[in-house]
Amino acid sequence: MAKLHYVLLLLISLISHSDADIKTLRLTSDPRPIILLDKFAFTHFGQVTISVSDVSVTSLLLCPNPSRLGLFLLSEEVESQALLEVRQNPNFCILDSRYIVALDTFRNLSPPPHCFFNRTYCVPYPGGYSLFFVNCDPVARVSMNVHTELYNPDFDGSKNYLSHGQSRLIPLFFKFSLAYFFLLVLWAYYCYCNKESTNRVHHLITGLITVKTLSLICAGLDKYFVEFTGLPHGWDILFEVARVMSSLIITALITIGFLFFKQFLPEKEAKAWMVPIALQVLFNLAFPLARGPSRFALFVAAAKGETTMSELMVGLTLIEGSLPKELCLGSLHS
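Overview of the structure. (Residues numbered from 1 in each chain as written. Predicted model: local features only at pLDDT ≥ 70, side-chain atom pairs only at ≥ 80, totals over all residues. Heavy atoms only, no water.)

1. Comments concerning the side chain of Asp30
Then, number 1: Here Asp30 lies in strand E1 (residues 23–30).
Then, number 2: Those residues in contact with Asp30, other than ones at most four positions away along the chain, are Ile35, Ala140, Arg141 and Val142. (Helix = DSSP H or I, 4+ residues; strand = E, 2+ residues; numbered from the N terminus. Contact = heavy atoms within 4.5 Å.)

The following block contains the structure:
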């Protein structure tokens with residue numbers, strides 16, 4: 001079972017993406033063998049600050065070995081090699097891997113009753129890394145508070161909490177938001193000059209451009225505050241709200257467009273197109289929910305064998321890419 005958890009977690013870390021910031025996590029009697037805490041792209045001077053407090057480890061059998069519980073960094077360049085190690089040995093503890101950057105174990109905790117440590121580590125090489133907590137004791141349950149800070153020091157000594165290269169996205173977001181705002185003004189002027197022919201579709205397009213403009217502004221402010229403070233200050237929530245509204249408007253436009261063209265299509269072709277259109281609508285509704293605030297939801301669902309929203313999106317993309325051509329050909333031959 002531990003081997004399966006390692007394989008799932010390392011595979012997920014290959015496809016998951018998240019903006020790093022300051023994070024605090026509380027674990028209570030957690031049995032998971034491995035937990036993805038964060039992902040970050042470091043420069044040559046990148047650093048990791050980890051504070052672990054109120055640590056309590058309980059085991060149903062023997063006293064747990066504190067050296068079998070700890071934190072480590074795993075570079076994206078060697079994730080496949082580490083995954084191969086786990087596959088080849090079911091009882092392998094990832095803390096013994098030669099591909100990881102071991103940070104600390106519970107052996108270095110302060111004596112009870114407080115049981116804590118607070119340290120800063122320098123990253124040996126630049127690149128993308130994943131920060132993990134691992135529990136190699138299959139019957140141990142861990143309770144603790146974890147506070148992590150991943151950052152790249154700037155030349156003036158300040159901390160940059162954005163992954164390397166993401167600071168360049170901030171001016172791009174604001175420039176594109178200005179472009180969308182200019183497009184919104186032109187579209188609003190066009191609708192104003194053609195009031196007689198304006199209908200609900202025009203209003204939906206106006207709403208879509210407005211939401212797109214706001215989402216770009218929120219995305220830029222989100223990264224701006226994360227860069228300097230490590231926290232998005234609520235702009236990430238507004239960005240997610242804008243994404244949901246944008247997907248709902250696109251869904252409405254797709255539905256209206258299909259209903260309009262349906263009257264010009266033969267009955268069989270109209271029925272054939274209903275499947276890919278429905279999949280596209282479902283894809284647009286699922287897309288905003290595929291990247292939630294929790295960094296562990298995907299792993300927990302995968303470990304339990306549940307279907308996640310991200311897995312649903314992958315399936316919808318594959319099905320949607322194959323259905324239209326087959327259905328249309330089938331309708332033409334029938």
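Continuing now.
2. Thoughts on the packing of aromatic side chains
Then, number 1: Summed over all chains, the structure comprises 8 aromatic pairs.
Then, number 2: Taking the ring centre of Tyr151 as reference, the NZ or CZ of Lys159 above it sits at 4.7 Å. (Phe/Tyr/Trp six-rings, centres within 6.5 Å; stacked < 30°, edge-to-face > 60°. Lys NZ or Arg CZ within 6 Å of the ring centre and 35° of its normal.)

3. Examining the side chain of Lys223
Then, number 1: By the element assignment, Lys223 lies in helix H4 (residues 200–229).
Then, number 2: Judged by its relative accessible area of 8%, Lys223 falls in the buried class.
Then, number 3: At a separation of 3.0 Å, a polar atom in the side chain of Lys223 contacts the side chain of Gln166. (Buried < 20%, exposed > 50% of the residue type's maximum accessible area, 1.4 Å probe, protein only. Polar contact = N/O pair within 3.5 Å; in protein donor to acceptor, adjacent residues only side chain to side chain.)

4. Re the state of the cysteines
Then, number 1: Overall, the coordinates contain 1 disulfide when judged by the stated rule.
Then, number 2: A sulfur-sulfur distance of 1.9 Å marks the disulfide that ties Cys93 to Cys136. One quick way to see it: the torsion about the S-S bond of Cys93 and Cys136 is about 80°, and its sign makes the bridge right-handed. Taken together, the residues span a long stretch of sequence, with Cys93 in the loop between helix H2 (79–88) and strand E5 (100–105) and Cys136 in the loop between strand E7 (127–135) and strand E8 (140–153) at a distance of 43 residues.
Then, number 3: Residue classification places Cys93 among the buried residues on the basis of a relative accessible area of 6%.
Then, number 4: Free cysteine: Cys191, not disulfide-bonded; nearest cysteine sulfur from Cys193 at 9.4 Å. (Disulfide = S-S within 2.5 Å.)

5. Section: unusual backbone geometry
Trans is the prevailing form of peptide bonds, just as negative phi is the prevailing case for residues other than glycine.
Then, number 1: The backbone of Asp54 sits at a positive phi, close to 50°, despite the residue not being glycine.
Then, number 2: With respect to the helices, strands and loops of the structure, Asp54 is situated in strand E3 (residues 47–59).
Then, number 3: Positive phi, close to 55°, is recorded for His233, a residue that is not glycine.

6. Topic: the nonpolar core
Then, number 1: Grouped together as the largest cluster of nonpolar side chains are 27 residues, with contacts concentrated most on Leu37, Ile50, Phe106, Phe133 and Met144.
Then, number 2: Elements with a minimum of two residues in this core: E1, strand E2 (34–42), E3, strand E4 (69–75), strand E6 (117–122), E7 and E8.
Then, number 3: Ignoring anything within four residues of it in the chain, the contact list for Phe133 reads Pro33, Ile34, Ile35, Leu37, Leu69, Gly70, Leu71, Phe106, Val142 and Met144.
Then, number 4: With 14 residues, the next largest nonpolar core counts Leu74, Ala82, Val86 and Ile100 among its residues. (Core = buried A, V, L, I, M, F, W, Y, C linked by side-chain atoms within 4.5 Å.)

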